[in-house]
Amino acid sequence: MAPKIEYYCPCLSESPHPPPPNRPSSSYSFHPLHNLFFCEECDAVRCNRCVSVEVSGYYCPNCLFEVPSASVRAEKNRCARNCFLCPNCRNTLTVVPSDPPEDVDSRMSPIVSTTLGEPPFFLYCNHCRWDSAEVGITFEKPTGLAAQLQKFEDSAPEALEFERLKEHFEPFLRASSSSSALPSASSHHVHTNPITAAASSALARDIPGVGKYNPLSRSRVGREKGAHRQEYPDYKSRVEVGTALSGEADVEFLRHLETVSQVAALEQRWTNSWVSPLSASDLKPLRIPLQSKKSKRCPSCRHILIKPEQKAQSVRFKIKLVAANYLPAIAVTLPHAQAAIEMLKRTSKTTSAAAQAEEQQAAGALIAGHSYSFHLAFTNPLYDPIQVRLAKAIAPAQTAEGDEAAERARRSTFQIQLPSAAFPVGAFAEAWEYDDEDEAMFLDDDGMEVVEARGKKGKDGRGKTRSVGIVEKRANVTIVSGEVLIPKEARGDVKFNMLVSYTYRSDDPEPSEEAQTGTPSRSHGANKGPEMKNFSFYTVVDLGSIMYREEPKLTADL
Amino acid sequence: MPPIRDKFTIHSKAVVCQDVELKGDITIGAGKSSLHLRTIVHPKATIFAIAGPIVIGSGCIIEEGAIIVNRRKEVMRIGDDNLFEIGCRVESPTVGNCNTICTRARVHHTLRISSYCVVGAGVLVVPTEDEMLDEYTVIYGPAAERRVWSGRGKVQEMDLRRKHAEYLREMLPKFNRLRRGDGA
Ligand SMILES: [Zn+2]
Ligand SMILES: [Zn+2]
Ligand SMILES: [Zn+2]
Ligand SMILES: [Zn+2]
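Residues numbered from 1 in each chain as written. Chains lettered and ligands numbered in written order. Predicted model: local features only at pLDDT ≥ 70, side-chain atom pairs only at ≥ 80, totals over all residues. Heavy atoms only, no water.

An unreviewed UniProt entry annotates chain B as Dynactin subunit 6 originating from Polyporus arcularius HHB13444. The UniProt entry for chain B carries the following text under Sequence similarities (unreviewed entry): "Belongs to the dynactin subunits 5/6 family. Dynactin subunit 6 subfamily." Among the UniProt annotations of chain B, the heading Function (unreviewed entry) holds the following wording: "Part of the dynactin complex that activates the molecular motor dynein for ultra-processive transport along microtubules." (UniProt positions renumbered as here; feature names shortened; annotations may be inferred.)

Per an unreviewed UniProt entry, chain A goes by Dynactin subunit 4 and derives from Polyporus arcularius HHB13444. Under the UniProt heading Sequence similarities (unreviewed entry), the entry covering chain A gives this text: "Belongs to the dynactin subunit 4 family."

Encoded structure:
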C-alpha cells in the first residue's frame with residue numbers, strides 16, 4: 001500500500017488534539033483533503049460528518065428533469081417521465097415499437113423501411129434484452145408511460161393500504177399541526193429552505209402511538225398522546241399481511257424450481273418500494289428513483305459551505321468552500337520504494353498484475369531495524385507564499401507504569417524526525433506565470449542531499465548524509481524530507497499524527513474594524529499592509545506497515 | 001505445423017480496408033444473399049486462419065480491433081448479418097446469422113454460436129466442454145449471466161444493421177484504401 005496522509009476534523013472529540021493514530025476508531029476523525037470543507041466564519045475545517053445537509057433540489061438521473069418538490073411525494077420519489085430500470089439487470093429501458101409483421105423471407109430482403117411506430121409499444125433493455133411484453137406490459141402510445149405504470153403501482157394492495165392509513169391519520173395530523181407548533185423547532189427554521197423545512201416538520205410531527213423523544217416535555221406529550229388516542233378510532237387493516245396462503249404458494253414455486261435464476265435476486269428486488277415478486281419472471285419495470293442535489297452548512301455558524309447550481313445538468317457550484325483551497329495539499333512518498341519500483345519496471349519479467357503488485361510491495365517495505373527517509377510534498381493553494389512548520393503530535397501522555405515499561409515502549413516504537421525549521425512554499429499562480437529560474441534552485445545532483453541551509457541538514461557522526469530538510473522547491477510546491485527510524489522490536493503500522501502550522505498573509509483589515517477573524521482566504525485584496533496570520537491543523541501520516549525478517553530469538557523475546 | 005499459406009478470397013462487393021491483418025485461407029462475403037448485402041471489415045481488424053480456413057458470409061460488420069481466429073483444422077464458418085464490435089475476440093468454430101458480439105467480449109473456441117445470440121460487452125465465455133449456444137441466447141454482465149431473448153425487436157435491429165452496413169459501404173472507401181482478393 002502506498003503511504004498516505006489524511007487531515008483531521010476535530011468534530012468527533014472534545015479536545016482539539018487528534019486521537020492516537022493506532023486506535024482503530026481514529027480513522028473516523030481523519031479524512032482525505034478533497035472530502036473536507038472550510039468555514040471562513042469559524043476559521044475551521046469541516047467534514048462530512050459534522051456539516052448539516054439539506055436538499056436543494058430533486059432530479060431524475062436519467063432524463064435530468066428537475067422535479068419540483070411538490071410533485072416528488074405524489075410521484076413517489078420516482079421519475080414520472082419515460083425513465084425505467086430493467087428489472088432484470090437494472091440498465092435503463094428504452095421504448096420501442098413492435099416489429100412489422102415478418103415477411104416470408106425478411107432476412108433476405110433488402111433494406112426494409114421500418115414502418116414508423118407500430119403499436120403496441122413496449123420497454124426494451126439493450127443490455128440483457130429483457131422486454132416488458134414478457135410480463136404483459138405493452139402500451140398503445142409511446143408517451144406517458146410512467147403514469148400508466150404508476151397506476152399499476154398505486155393499485156397494489158400495499159399501496160392502497162398505505163393510502164388508507166394516510167387518510168385515517170389525516171384529520172389528526174391536521175389538528176395537531178394547527179394546535180401546537182413546537183416552540184423548540186422554530187429557532188431551527190431561520191436558515192432552512194422550504195424543502196428542508198417541509199421535510200423536517202414532517203419528521204418532527206407527533207405521530208399517534210409513536211413516542212416522540214423530547215426530554216423536556218416528555219410527560220406533557222405523553223398526556224396529549226393519551227388524550228388523542230381516545231378521540232380517534234382504531235384503524236382496521238384491510239389486507240392480511242403475511243398470510244399462510246402466500247407462503248404456501250412460495251413453497252410450491254420453490255418446489256418446481258429448475259434454476260436458481262428463476263428466483264428474483266436480492267439486487268433485483270432491492271430497488272422496489274413495495275412487495276416484489278419472488279419469481280424473476282414476474283419482475284416489473286421500475287420507474288427510476290430520483291436523486292437530490294444537496295447543499296451543506298457549517299454546523300456552528302450555519303453558513304453555507306457548498307451549494308450546487310440548481311440545474312440538474314450543471315456540475316458546478318454556486319458556493320464551494322473546500323478545504324483544498326485553504327490548506328496546503330500534502331503528498332507522502334517513500335523514495336526508496338519509488339526507486340525500487342522504477343528498478344522493477346525496468347528489470348521485471350513477470351507479467352501478471354498480481355505478481356507485480358506483490359513485488360512492488362516487497363520493494364517498498366519498511367523493514368524493522370532500518371531507517372528510511374520519506375518525502376512530504378506541500379502544494380500551496382493560496383495566492384501568497386506561506387511558511388510551514390511541522391511538528392510530530394505527541395499523544396496526551398499515556399502514563400507508562402514504571403521505567404521498564406516505558407523503556408520497552410520506547411524501544412519498540414519508531415522514531416520520526418521532521419524538519420524543525422519553518423520552510424517556505426511559493427504562491428499559487430497560473431502555470432505560465434512562474435519564472436523558469438525559480439525552478440530547480442534547490443535541486444542537486446542526486447536529488448536526495450540537502451542544500452537548503454535552514455533544514456536540519458548535514459551529516460551525522462559517521463559521515464552518512466542525513467536527509468531532514470528541504471529537498472526541492474519549485475513553483476508552489478516544496479518537498480521536504482523526514483526520517484523514520486524503526487527499531488528491531490517495532491511492529492505494526494508506521495502511522496503518526498503531524499501538526500502542520502502555516503503563516504499566511506491575511507487580507508483582512510485590522511481585527512478591530514470588523515468581527516471577522518483571520519482566514520486563509522484565496523481572494524486578492526488591496527489593503528493597507530500585510531498582516532501575518534497563523535493556521536494549524538492535524539494530519540495523520542501512514543507510511544505503511546513494518547515488515548520484519550523471521551528471527552526466532554525475537555519472537556521468543558516478545 | 002506447416003507454414004500458413006495466405007489465400008484471400010474477397011467478394012467484389014465486400015468492403016475490406018487495406019489496413020486489416022489477414023493470415024491464412026480467408027473468404028469474405030460469400031453469403032447466400034450476397035446479392036444485396038456486403039460484409040464490412042474496418043481497418044485494424046484481424047482475421048487469423050491459423051489452422052483451418054475462415055469463411056465469412058455477407059452483411060457482417062467487423063469493427064476496429066476485432067479479432068477472429070480459427071484454431072481448428074475444420075473450416076470456421078461465420079454466417080450472415082453478424083456484428084463484431086470493437087475489440088472483441090471470437091474463436092468459435094461456427095457462428096450462425098444475426099449475432100452480436102459486443103465490445104471487448106471474448107468467446108473461446110469451445111463455444112459454437114447459433115443465430116440471434118448476443119454476447120454482451122466485456123463478457124468472457126470459456127466453456128470447458130464444447131457447447132452450442134441456443135438461438136436467442138443473451139450472455140451479459142460481469143458474471144456472464146444468460147437469458148433467452150423473446151426476439152421481439154429483431155426485425156428492427158436487423159434493419160438497423162443493414163442501414164449501418166450501407167452507411168459504412170459509402171463512407172469507408174472515402175477515407176480508406178480497400179483490399180481486393182487474390183483472384184479479383
Ligand atoms: Zn467534522
Ligand atoms: Zn427521468
Ligand atoms: Zn436488462
Ligand atoms: Zn462556521
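From N to C terminus, chain A includes 12 helices and 23 strands. In chain A, which comprises 558 residues, the proportion classed as buried is 37%. Nonlocal contacts in chain A, meaning residues at least 24 apart in sequence, comprise 72% of its contacts between residues at least 6 apart. With an accessible surface of roughly 32,600 Å², chain A has 55% of that area assigned to carbon and sulfur atoms. (Helix = DSSP H or I, 4+ residues; strand = E, 2+ residues; numbered from the N terminus. Buried < 20%, exposed > 50% of the residue type's maximum accessible area, 1.4 Å probe, protein only. Contact = heavy atoms within 4.5 Å. Areas by Shrake-Rupley, 256 points an atom, 1.4 Å probe, with all protein chains shown as cover.)

This next bit is on unusual backbone geometry. Residues and elements named next belong to chain B. Phi is positive for Arg104, which is not a glycine, with a value near 60°. Residue position: Arg104 is located in the loop between β14 (100–101) and β15 (106–107). A relative accessible area of 63% places Arg104 in the exposed class. Here the phi dihedral of Tyr136 falls at roughly 65°; this positive angle occurs in a residue that is not glycine. Mapping Tyr136 onto the fold places it in the loop between β19 (131–133) and β20 (137–140).

All names here are of chain A. At the metal site, the zinc ion (ligand 4) is ligated by Cys39 (SG), Cys42 (SG), Cys298 (SG) and Cys301 (SG), and these contacts range over 2.1 to 2.3 Å. Counting along the primary sequence, the residues that act as donors to the zinc ion (ligand 4) give the motif C-x2-C-x255-C-x2-C. With a gap of 262 residues between them, Cys39 in strand β3 (residues 37–39) and Cys301 in the loop between β11 (291–297) and β12 (304–308) connect regions that are remote in the sequence. By relative accessible area, Cys39 is classed as buried at 2%. Since its relative accessible area comes to 22%, Cys301 is described here as partly exposed. (Donors = N, O, S within 2.8 Å, 3.2 Å for Na, K, Ca; no water.)

On to the side chain of Ser98(A), then. Along the chain, Ser98(A) falls in the loop between β8 (93–96) and β9 (122–125). For Ser98(A), a relative accessible area of 14% puts it in the buried group. From its side chain, Ser98(A) meets the backbone oxygen of Pro120(A) in a polar contact 2.4 Å long. For Ser98(A), the residues in contact, after removing those within four places along its chain, are Glu118(A), Pro119(A), Pro120(A), Phe122(A) and Gln156(B). (Polar contact = N/O pair within 3.5 Å; in protein donor to acceptor, adjacent residues only side chain to side chain.)

Residue and element names in this part refer to chain A. Around the zinc ion (ligand 3), the protein contributes the donor atoms Cys86 (SG), Cys89 (SG), Cys125 (SG) and Cys128 (SG), which lie 2.2 to 2.3 Å from the metal centre. One can describe the donor arrangement at the zinc ion (ligand 3) as tetrahedral, given that its 4 donor atoms subtend angles of 102 to 114° at the metal. Mapped onto the sequence, the donors of the zinc ion (ligand 3) take the spacing C-x2-C-x35-C-x2-C. With respect to burial, Cys86 and Cys89 carry one shared label: buried. (Tetrahedral: all angles 85-135°; square planar, octahedral: opposite > 155°, others 65-115°.)

Before going further, it helps to spend a moment on the pattern of salt bridges. Applying the stated criterion across every chain yields a total of 20 salt bridges over all chains. The partner of Glu161(A) in a salt bridge is Arg164(A), and the shortest N-O contact between them spans 3.0 Å. Of the two residues, Glu161(A) and Arg164(A) are both situated in helix α3 (residues 157–179); the distance of 3 residues between them amounts to about one turn of the helix. A residue is classified by how much of its surface remains accessible, and Glu161(A), at 9% relative accessible area, is buried. Of the charged contacts in the structure, one is a salt bridge between Glu131(B) and Arg146(B), with a shortest N-O distance of 2.6 Å. Taken together, the positions of Glu131(B) in strand β19 and Arg146(B) in strand β21 (residues 145–148) put the pair 15 residues apart, joining distant regions of the chain. Residues joined by salt bridges that share partners form a network here, namely Arg129(A), Glu157(B) and Arg161(B). (Salt bridge = Lys/Arg side-chain N within 4 Å of Asp/Glu carboxyl O.)

What follows covers the sheet that holds strand β18 (residues 124–125) of chain B. All names here are of chain B. Across the sheet, which stays open at both edges, the 6 strands sit in the order β3-β6-β9-β12-β15-β18 with parallel pairing between neighbours. Edge positions in the sheet fall to β3 (21–23) and β18, since each has one partner strand and no second. Across 2 bridges, the pairing between strand β9 (residues 67–70) and strand β12 (residues 89–90) is parallel. Across the sheet, the residue bridging to Ile68 is Val90, located in β12. (Pairing = 2+ DSSP bridges.)

With that settled, the discussion passes to the confidence of the model for chain B. A residue-level look at chain B finds 95% of positions with pLDDT of 70 or above and a mean pLDDT of 91. Model confidence for the complex is summarised by a pTM of 0.71, with the ipTM given as 0.87. (pLDDT = per-residue confidence, 0-100.)

In terms of nonpolar packing, the biggest core is built from 57 residues, with Leu327(A), Leu376(A), Phe378(A), Leu390(A), Ile486(A), Met498(A) and Leu543(A) touching the most fellow members. In this structure Leu376(A) touches Ile330(A), Ala331(A), Val332(A), Leu390(A), Leu418(A), Thr478(A), Ile479(A), Val480(A) and Met498(A), once residues within four positions along its chain are discounted. (Core = buried A, V, L, I, M, F, W, Y, C linked by side-chain atoms within 4.5 Å.)

Residues and elements named next belong to chain B. Judged by pairing direction, the sheet is mixed, and its 8 strands sit side by side in the order β2-β5-β8-β11-β14-β17-β20-β21 without closing on themselves. In the strand order of this sheet, the two ends are held by β2 (15–16) and β21, each with one partner. Direction of pairing for strand β8 (residues 61–62) relative to strand β11 (residues 83–84): parallel, over a ladder of 2 bridges. Looking at β11, one finds that Ile62 is bridged to Phe84.

All names here are of chain B. Where β3 meets strand β6 (residues 46–49), 3 bridges bridge the pair, whose relative direction is parallel. Across the sheet, Leu22 pairs through a bridge with Ile47, a residue of β6. As defined by bridge partners, β6 adjoins β9 across 4 bridges and the pair is classed as parallel. From the neighbouring strand, Ile47 faces β9, where its bridge partner is Ile68.

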